[in-house]
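The primary structure of each chain is shown beneath.
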Amino acid sequence: GDAGMARQLWQQNLKDDPTNPVLLVNLGLSEEGAGNYGAALEHYRKASLLKRDDKGLHINMGNAYAGLKKYTDALHAYSLALDSPKRKEAAYNAFLTALKMGNKPRAREMGAILKKEFGTTAYGRRAQGELLLWDGDTNAALKQLESVKSKDPGDCLQLARVYAGRRQAAKAREYLA
């Protein structure tokens, strides 16, 4: 399909210009989109060697590590991007990864960054909602999660799970529709 054609196009362009970090990142994104996380990671690593000052590339590497289920490496990569212009994305991805790992102290640390710096954004409200859920305060969590007003499938699924857990099937179905 289109993804395969895009990958082939990036590969061809890279043959002509093998040290172009933009081409490497785009090929990495194509590989990541196809579920080829190991190949994506290699392209991101090569790009980061060429653009050492681009800390945002650590987010791409973190995503590839997460796809490989190497959560400790993903968390480390996201942490390296916390002082980049993509701080919000890095903190949120680190937060979600720490949750997956069950690393409550690290999740709280990233949640605090998100709350302090991005509290009124969707990122901040999602993080606050997730932490409230983790602490068992479903009423406050629902308030935070619903305030995001997102159509994102992941957000809707999370709200559906909370309502299902509260035995409110009709409300859960609203978010699954």
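Quick look at the structure, then. (Residues numbered from 1 in each chain as written. Predicted model: local features only at pLDDT ≥ 70, side-chain atom pairs only at ≥ 80, totals over all residues. Heavy atoms only, no water.)

### A few points about the overall build of the protein
This is how it is decided: The helix count covers DSSP runs of H or I at least four residues long, the strand count covers runs of E at least two residues long, and both are numbered beginning at the N terminus. Relative accessible area decides the class of each residue, using a 1.4 Å probe on protein chains only: under 20% of the type maximum gives buried, over 50% gives exposed, and in between gives partly exposed.
When you go through the protein residue by residue, the secondary structure sums to 11 helices and 0 strands. Reading the secondary structure of the protein in the N-to-C direction produces α-α-α-α-α-α-α-α-α-α-α. Along the three orthogonal principal directions, the C-alpha set of the protein runs to about 60 × 35 × 25 Å. When each of the 177 residues of the protein is scored for burial, the buried share is 42%.

### Observations regarding unusual backbone geometry
Even without glycine at this site, Lys69 takes up a positive phi of about 65°. Among the secondary structure elements, Lys69 is positioned in the loop between α4 (57-67) and α5 (71-80). Exposure remark for Lys69: the relative accessible area of 62% places this residue in the exposed category. For Arg167, which is not glycine, the phi dihedral falls at a positive 60°.

### Focus: the packing of α4 against α5
Formally: Think of each axis as a best-fit line through the C-alpha atoms, taken over the contacting stretch in the case of a helix, with angles from 0 to 180 degrees between the N-to-C directions. Should an angle lie under 35 degrees it is considered roughly parallel, over 145 roughly antiparallel, and from 65 to 115 roughly perpendicular; all remaining angles are considered oblique. Between two residues, a contact is recorded if the distance between any of their heavy atoms is within 4.5 Å.
Packing of α4 against α5 leaves a shortest axis separation of 8 Å and a crossing angle of 170°. With respect to their mutual orientation, α4 and α5 come out roughly antiparallel. The residues of α5 that touch α4, namely those facing His58, Ile59, Met61, Gly62, Asn63, Tyr65 and Ala66, are Tyr71, Asp73, Ala74, Ala77, Tyr78 and Leu80.

### A short note on the environment of Leu99
Tracing the chain through its elements places Leu99 in helix α6 (residues 87-101). Beyond its immediate sequence surroundings of up to four residues, Leu99 is in contact with Ala107, Glu130 and Trp134.

### Observations regarding the packing of helix α10 (residues 153-165) against helix α11 (residues 169-176)
Two elements in contact, α10 and α11, have axes separated by 8 Å at closest approach and are oriented at 170°. The angle between α10 and α11 places the two elements in the roughly antiparallel class. Along the contact surface, α10 presents Cys156, Leu157, Leu159, Ala160, Tyr163 and Ala164, while α11 presents Lys171, Ala172, Tyr175 and Leu176.

### What to know about the nonpolar core
In globular proteins that are soluble, nonpolar side chains generally tend to be buried together. Using the following cut-off: To qualify as a nonpolar core, a set must consist of buried Ala, Val, Leu, Ile, Met, Phe, Trp, Tyr and Cys residues joined through side-chain atoms within 4.5 Å.
In terms of nonpolar packing, the biggest core is built from 34 residues, with Tyr44, Tyr78, Ala91, Phe95, Met110 and Leu114 touching the most fellow members. Excluding residues within four positions of it along the chain, Met110 makes contact with Leu82, Ala91, Ala94 and Phe95. Judged by nonpolar contacts, the second largest core, of 9 residues, contains Ala141, Leu145, Ala160 and Ala172.

### What to know about the pattern of salt bridges
Side-chain pairs of opposite charge can arise where the charged atoms are in close proximity. Stated formally: The working definition used for a salt bridge is a side-chain nitrogen of Lys or Arg within 4 Å of a carboxyl oxygen of Asp or Glu.
Across all of its chains, the model carries 7 salt bridges by this definition. For the salt bridge of Glu42 with Arg45, the shortest nitrogen-to-oxygen distance reads 2.7 Å. With Glu42 and Arg45 both in helix α3 (residues 37-50) and 3 residues apart, the pair spans about one turn of that helix. On the basis of relative accessibility, which here comes to 36%, the residue Glu42 falls in the partly exposed class. Take Arg45: its relative accessible area is 31%, and that puts it in the partly exposed class. The partner of Lys55 in a salt bridge is Asp83, with the nearest N and O atoms 3.5 Å apart. One end of the pair, Lys55, is in the loop between α3 and α4; the other, Asp83, is in the loop between α5 and α6, and 28 residues separate them in sequence. Put simply, Lys104, Arg108 and Asp135 are held in one network by salt bridges that share partners.

### Regarding the environment of Tyr37
The residue Tyr37 is located in helix α3 in this model. Relative accessible area serves as the criterion here: at 27%, Tyr37 is assigned to the partly exposed category. Considering only alpha carbons, one finds Tyr37 and Met61, 24 residues apart in sequence, at a separation of 9.2 Å. Once residues within four sequence positions are removed from consideration, Tyr37 is found in contact with Glu32, Asn63, Ala64, Gly67 and Leu68.

Note that all results are geometric; they support no functional claim without further evidence.
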